[in-house]
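The lines below spell out each chain.
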Amino acid sequence: MENVMTLLLLVSAILACSESAKILVVFPGPSKSHGILGDGYVRHLLNAGHEVTYITPFTYKNPPANLRTVDVSSNFKLLPPNLVNLKGIMDKTSVEMTAIFMLSAMLEMAKNTVTNTDVQNLLNDPKEQFDAVIVEWLFSDIGAGFASVFECPLIWSSSVDPHWHILQLIDEPTNPAYTVDFMSTYFPPLSFSQRVNELWNQLKVQFFKYVWLDGVEEKLYTSLFAPIFDKRGRKLPTYNEVRYNASLVLSNSYVTTSGGASLPQSHKFIGGYHIDDTVVTLPENLKKLMDGAKDGVIYFSMGSNLRSKDLPDEVKISLLKMFGSLKQTVLWKFEEVLPDLPKNVHILEWAPQQAILAHPNLAVFITHGGLLSTTESIHFGVPIIGIPVFGDQFINVGKSINKGFGLRVDLAYTMSDELKKKIVEVTRNKRYAEKAKELSFIHHDRPVKPSQELVHWVNHVINTRGAPHLRSPALDLPLYKRKFLDLAALIAVLLLAVYILLKRACAYICSQMCAKKRNSGSKKKNN
Ligand SMILES: *[C@@H]1O[C@H](CO)[C@@H](O)[C@H](O)[C@H]1NC(C)=O
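Residues numbered from 1 in each chain as written. Predicted model: local features only at pLDDT ≥ 70, side-chain atom pairs only at ≥ 80, totals over all residues. Heavy atoms only, no water.

**Q** Could you clarify how one ought to interpret the sheet that holds strand β4 (residues 132-136) in this entry?
**A** Strand pairing within a sheet occurs via backbone hydrogen bonds; the two strands may be parallel or antiparallel. The parallel open sheet is built from seven strands, whose spatial order is β3-β2-β1-β4-β5-β6-β7. The sheet terminates laterally at β3 (67-71) and β7 (267-269), the two strands that pair on one side only. On average, each strand axis in the sheet is inclined to that of its neighbour by 20°, with strand direction left out of account. Note that strand β2 (residues 51-56) and β3 share five bridges and pair parallel. (Pairing = 2+ DSSP bridges. Helix = DSSP H or I, 4+ residues; strand = E, 2+ residues; numbered from the N terminus. Axes fitted to C-alpha atoms, helices over the stretch in contact; angles between N-to-C directions.)

Below is the structure:
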C-alpha cells in the first residue's frame, strides 16, 4: 500500500512538474529574514522546473539559469537607520514599530518598488508574461497590482502566523476574542481587559488602514498602475477588484507555531519550507566543541536583523559574567570580537544555526523569537528562551510558553539574572525538551513536506487558472450583508414603528379615558 502511495505521489509530482511555468516572485522587503523566505520560494520553484523572475533587495551572486533577478536594493534606504538597534529599542530612542508606523512606511516602500526603473521596464514590456505572481504581503495591498498587469493569478505570501489583515483579503478577519494581531504583546487566553484592548486595537488599525489611509493607498495604486494599463491599452481595474482577487495565501506557519485559527480553503500552511532537507554540516572546530560539551550547549542568537553588538556595554558585560558562571558551553552569535571571554563562552561571527540546532548536545536556544528561529527550534525539537523585541516576536514567544517548550525574559538592562534563572529551569526540568520533541514530531508528521506543498499549490493555481473553487463566498458579499446589518436595520425600523404605534395608541386611549372621566364628572355635577 505504502509503495503504491509513494509511486502515485511520484507520478503526480512528475506530472505536475512536467510543465514549466513563468512565475514572478515579489519580495521587496529590506530585511534578511524576509529575504530568506523569498529565496525559499525561488529555490523550490526552480527545482520544480519553473522559470522565476525575482524582485528582491538582495543581490544574487551567480544566479542559476532559470532565475532572473530585479534589484530593488534602494528599499534599504527607506528604513530609519536606528529601527532595529537593540540599544535604541531599549532606550526608546528608536522609532517604535507600531502597526500605524508600518502601514505608512510600507506604503512608501511599495511606491519605491513599483517606480524602480528595472521594475518599470518589466511592467511596461508588452512581451513579458507570467503564469502566476507571488507577492509578499507587507502591510499594503498595492503589490496585488503586479498580477493584474499580467492578467494572471495572484498568490499572497504571508511571513507570519495567520492574522486578520491578510485573511480579510481572502475571506473575513479573524475574531479578536481569540486570535490576536501579530503585533500584539499578549496572547490568548485573553483576560477581559486584554480582549477589549485587542478589539479596540484592531478596530483602530482597521480604521486607519481602510478609512484614513485607504484614499491615499487607492490614489497611489491609480498613479502607479494607470500609466502601465494605458500603455497596454487596457482599462485600469478598480483597487478593490485587484486587492481581493488573490487565489491563495501561502502562510509561513503551521499548527505547531500558530494558534489554530479557523481558516478559509484558500489559506495553506507551508511553514518550514525555508529549511533545507539536508542540514549543512558543522565546521570542524564547532563540531568538536559541541561533541565534547558533556554538560550541553546553550546557543544564543538575536537573529539576522538584531545584532548583539548593539546591546549596551553593561548588558554585554553582565551577560558574559553570567554565561561564565554556567557549566554548559555557550555559543553566542556576536558580530565583533569580545575581550576577556570566560572559558566556556565562544563567540561566533557567523552561525550555521540549523546545524547547531540539529546537534544532540544542544540544550536550549536563547532567541529573539522571530518566526524563522521559532520554526527552526520546533523543526529540530529544541526548547527556547525568548527575548522578544518587536513585531510578531511577542506572540511567537507567548505561544511557545503556552505550548510548553519556551520561557520568556524581558529585554532590559537587568535581564541577566532573570535569564540565568530561566536557563537553569529549562535545562533542569526535562518537560521543556520533551514538549519540544513532541511538537517536532507533529511538525514533521504531515502528508507531504512544506516545500512540496508550496510547489503543489502554486502548480494547482496555475493549472486551474486561479483556483476559483477555493475562493471564499464571503468576498462576494458587502460588509452589511455579511454582518446582517440590513437585518439589524430592519429590526430597528420595526421596533421604532411598534414604539410609535404603541405611543399613539396609548395617547389615544388616554385621551378617550380622560374625556370619559370628564364627561362623567360633569354629569355628576349636573345631577
Ligand atoms: C483576477 O485573477 C484572475 C486569475 O485568478 C486573473 O485572470 C484576472 O486577471 C485577475 N483580475 C484582476 C482585476 O486582477
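**Q** Help me understand the site of the ligand in this model?
**A** Ser-148, Glu-151, Pro-153, Pro-237, Asn-245, Ser-247, Arg-465 and Gly-466 make up every residue found near the ligand. Ser-148 places a polar side-chain atom, nitrogen or oxygen, 2.5 Å from an oxygen atom of the ligand. In the environment of the ligand, an oxygen atom lies 2.4 Å from a nitrogen or oxygen atom belonging to the side chain of Asn-245. Burial of the ligand by the protein amounts to 70% of the accessible area it has alone, namely 360 Å². Residues that form the shell around the ligand fall into these classes: two nonpolar, four polar and two charged. (Near = heavy atom within 4 Å. Polar contact = N/O pair within 3.5 Å; in protein donor to acceptor, adjacent residues only side chain to side chain. Areas by Shrake-Rupley, 256 points an atom, 1.4 Å probe, with all protein chains shown as cover. Nonpolar A, V, L, I, M, F, W, Y, C, P; charged D, E, K, R; others polar.)

**Q** Whenever I open this one, the nonpolar core confuses me. Can you help?
**A** Buried together is how nonpolar side chains tend to be arranged in soluble globular proteins. By size, the foremost hydrophobic cluster in this structure holds 91 residues, and its most contacted members are Trp-156, Leu-319 and Phe-323. The dominant element in this core, judged by the number of residues it contributes, is helix α4 (residues 99-115), at nine residues. Shared between two domains, this core takes at least three residues from each, and those domains are domain 1 (16-172 + 238-275 + 449-473) and domain 2 (284-441). Those residues in contact with Trp-156 that lie beyond four places of it in its chain are Val-135, Trp-137, Asp-141, Ala-144, Ile-166, Leu-169, Arg-243, Ala-246, Leu-248, Val-249 and Leu-250. Counting 29 residues, the second-largest nonpolar core is a separate cluster that includes Val-25, Leu-45, Ile-155 and Ile-270. (Core = buried A, V, L, I, M, F, W, Y, C linked by side-chain atoms within 4.5 Å. Buried < 20%, exposed > 50% of the residue type's maximum accessible area, 1.4 Å probe, protein only. Domains from an automatic or database assignment. Contact = heavy atoms within 4.5 Å.)

**Q** Hey, could you run me through a nonpolar patch on the surface in this one?
**A** On the surface, a nonpolar cluster with roughly 610 Å² of combined accessible area is contributed by Phe-484, Leu-487, Leu-490, Ile-491, Leu-494 and Leu-495. Take Leu-494: it is sitting in helix α20 (residues 485-526). (Patch = residues over 30% accessible without salt bridge, like charges linked within 9 Å, V, L, I, M, F, W, Y side chains within 5 Å. Salt bridge = Lys/Arg side-chain N within 4 Å of Asp/Glu carboxyl O.)

**Q** How should I be thinking about the packing of aromatic side chains in this particular structure?
**A** Any pair of aromatic rings gets described here by the distance separating the centres and the angle formed by the planes. Following the criterion strictly, the structure yields 16 aromatic pairs and no others. Where Phe-27 meets Tyr-41, the ring centres are 5.6 Å apart and the plane angle is 45°; that geometry is what we call tilted. In this pair, Phe-27 is assigned in the loop between β1 (22-26) and α2 (32-47) and Tyr-41 in helix α2, connecting sequence segments 14 residues apart. For the pair formed by Phe-27 and Tyr-41, the shared burial category is buried. Their ring planes at 50° and their centres at 5.7 Å tell us that Phe-139 and Phe-182 sit as a pair that is tilted. Residue Phe-139 is found in the loop between β4 and α6 (144-149), and its partner Phe-182 is found in the loop between α7 (164-170) and α8 (192-212); the two are separated by 43 residues along the sequence. Judged by its relative accessible area of 7%, Phe-182 is buried. Here the aromatic cluster, defined as three or more aromatic residues joined through ring pairs, consists of Phe-146, Tyr-221, Phe-225 and Tyr-239. Sitting over the face of the ring of Tyr-432, Arg-431 holds its NZ or CZ atom 4.6 Å from the ring centroid. (Phe/Tyr/Trp six-rings, centres within 6.5 Å; stacked < 30°, edge-to-face > 60°. Lys NZ or Arg CZ within 6 Å of the ring centre and 35° of its normal.)

**Q** Whenever I open this one, the pattern of salt bridges confuses me. Can you help?
**A** Two side chains of opposite charge can pair, provided their charged atoms sit close to one another. Counted under the stated rule, the structure contains 23 salt bridges. A salt bridge links Asp-141 to Lys-209, with the shortest nitrogen-to-oxygen separation between them at 3.4 Å. One end of the pair, Asp-141, is in the loop between β4 and α6; the other, Lys-209, is in helix α8, with 68 residues separating them in the sequence. Overall, Asp-141 belongs to the buried group, its relative accessible area being 0%. Judged by its relative accessible area of 0%, Lys-209 is buried. When the shortest N-O distance is used, the salt bridge between Asp-141 and Arg-243 registers 3.1 Å. Note that Asp-141 is positioned in the loop between β4 and α6 and Arg-243 in helix α10 (residues 239-243), a separation of 102 residues in sequence. Both residues of the pair, Asp-141 and Arg-243, count as buried. Where salt bridges share partners, they join Asp-141, Lys-209, Glu-217 and Arg-243 into one cluster.

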